[in-house]
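# Examining the three-dimensional arrangement
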Amino acid sequence: MAYRKNGSKWLEIKNMISTLSFRKVMNLFLLTITYHLSRLFGRPLHYGMPWSIAVEPTTSCNLRCPECPSGLRSFTRPTGMLEPGTFSKIISEIKPWLGHLTFYFQGEPFLNPSFLDLVTLAVKNGIHTSTSTNAHYLKYETALRTVRSGLHRILISIDGADQETYEQYRIGGDIEKVLEGTRNLVMAKNELGSSTPHIVFQFLVVRPNEFQIPEIERLAKEYGVDEVKIKTAQIYDFENGSDLIPVQEQYSRYQKDPNGKYSIKNKLLNQCWKMWQSCVITWDGKVVPCCFDKDAHHQLGNVSSNGFRKVWEGLAYRSFRSSILKSRKEIDICTNCTEGTRVWAE
């Protein structure tokens, strides 16, 4: 089990509970019930608004990670910044039901000048919030603003314990900036006497760094980080293997088959909890099923022109949920997915 600071789990649970309401709990209950009924009958029964959404502050990024469209600059969709007006429209429509909001899809959130203002708006509306960052922009003043925004959880991507290892995946990155940003955030929390944000070192396991997990846990303790999260890496062209696939099988999403090819370990059952309780909204308002649709090929609507509820309850969404229940293996974004075999609240 990865490192977690004593007491941090209960503080995080307390912060989550503080944002709940009866309406949100009932919404989650209805989503869970209709999801299980859909699995049972094989057709999409759905009632409720999303429990969790991810909103993309920007597609821009300062790094060039090899398995990331932002890093590769390989998007076919436009690069841009989430506008406060678009975000405000989203929040005003779904805040009564929303339990959690992640400020991340692609890109580096802190590159959006309005990012922390957007967080503040979400927190003021009683929504539990999180983000993911490469921590290159966490100067002390920004760290103070981050704590003051009320952000509940922040994942800091740190994929190596030294510069040589770190830069093999985080190309163009500087681990000293990551550690400095972490130190600033911990200091800002202490100065303001805040229990938030819950700070997580997220360690993406690839072959060059898989031996450094104990070292990352040591760094987390040294810098006062609340938790270390170990994450397996998504590889786009995994069938013929990759220099990024870890040697240690427990840290890989893929397995080597008798024919020498690689396949994903997920059995790709015809189910996916995410399709009932969450979605992703791009910086320009496009609604896509989940974080595996990085180039927004499966657009289910646009909140800027249609409004969220019309998209969430629309024909395109119902058809997509139906296709999940019929043959998930035929959906391109599902074929490299690790979700759908586990169900929250199951």
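Everything below is about the structure shown above.
First, a word on what this report is: a plain description of the structure on this page. (Residues numbered from 1 in each chain as written. Predicted model: local features only at pLDDT ≥ 70, side-chain atom pairs only at ≥ 80, totals over all residues. Heavy atoms only, no water.)

## Structural notes on the packing of helix 4 (residues 84-94) against helix 5 (residues 115-124)
At a closest axis distance of 11 Å, the pairing of helix 4 and helix 5 adopts a crossing angle of 15°. Here helix 5 runs roughly parallel to helix 4, going by the angle between their axes. Crossing of helix 4 over helix 5 shows right-handed handedness. In this structure, helix 4 uses Pro84, Phe87 and Ser88 to contact helix 5, whose residues at the interface are Leu118, Leu121 and Ala122. (Axes fitted to C-alpha atoms, helices over the stretch in contact; angles between N-to-C directions. Helix = DSSP H or I, 4+ residues; strand = E, 2+ residues; numbered from the N terminus. Parallel < 35°, antiparallel > 145°, perpendicular 65-115°, else oblique. Left-handed = near helix turned anticlockwise from the far one by under 90°. Contact = heavy atoms within 4.5 Å.)

## Describing the nonpolar core
Core analysis: the largest hydrophobic core is formed by 90 residues, its most contacted members being Ile53, Phe87, Leu101, Phe201 and Ile281. For this core, the leading source of residues is helix 8 (residues 175-192), giving 6 residues. In this structure, Phe201 is in contact with Ile156, Ile158, Leu179, Thr182, Ile216, Leu219, Ala220, Val225, Glu227, Val228 and Lys229, ignoring residues within four places of it in sequence. (Core = buried A, V, L, I, M, F, W, Y, C linked by side-chain atoms within 4.5 Å. Buried < 20%, exposed > 50% of the residue type's maximum accessible area, 1.4 Å probe, protein only.)

## Brief notes about the pairing of strand 9 (residues 278-281)
With burial as the criterion, each face of strand 9 is covered, one bearing Ser278 and Val280 and the other bearing Cys279 and Ile281. Bridge count for strand 1 (residues 52-55) against strand 9 is 4 bridges, and the pairing is parallel. Along strand 9, the bridge assignment pairs Val55 with Ile281. Pairing of strand 9 with strand 10 (residues 286-288), which is carried by 2 bridges, proceeds in the antiparallel orientation. Its bridge partner being in strand 10, Val280 is matched across the sheet by Val288. (Pairing = 2+ DSSP bridges.)

## A look at a nonpolar patch on the surface
The grouping of Phe22, Met26, Phe29, Ile33, Leu37, Leu40 and Phe41 at the surface amounts to a nonpolar patch, some 750 Å² of accessible area in total. Locating Phe22 in the fold gives a position in helix 2 (residues 22-41). (Patch = residues over 30% accessible without salt bridge, like charges linked within 9 Å, V, L, I, M, F, W, Y side chains within 5 Å. Areas by Shrake-Rupley, 256 points an atom, 1.4 Å probe, with all protein chains shown as cover. Salt bridge = Lys/Arg side-chain N within 4 Å of Asp/Glu carboxyl O.)

## So, helix 6 (residues 140-149)
Every buried residue of helix 6 is accounted for by Thr142, Ala143, Leu144, Thr146, Val147 and Ser149. Each element contacted by the buried residues of helix 6 is listed here: helix 5 and helix 8. Looking one or two places after helix 6, you find Gly150, whose phi comes out positive at around 90°.

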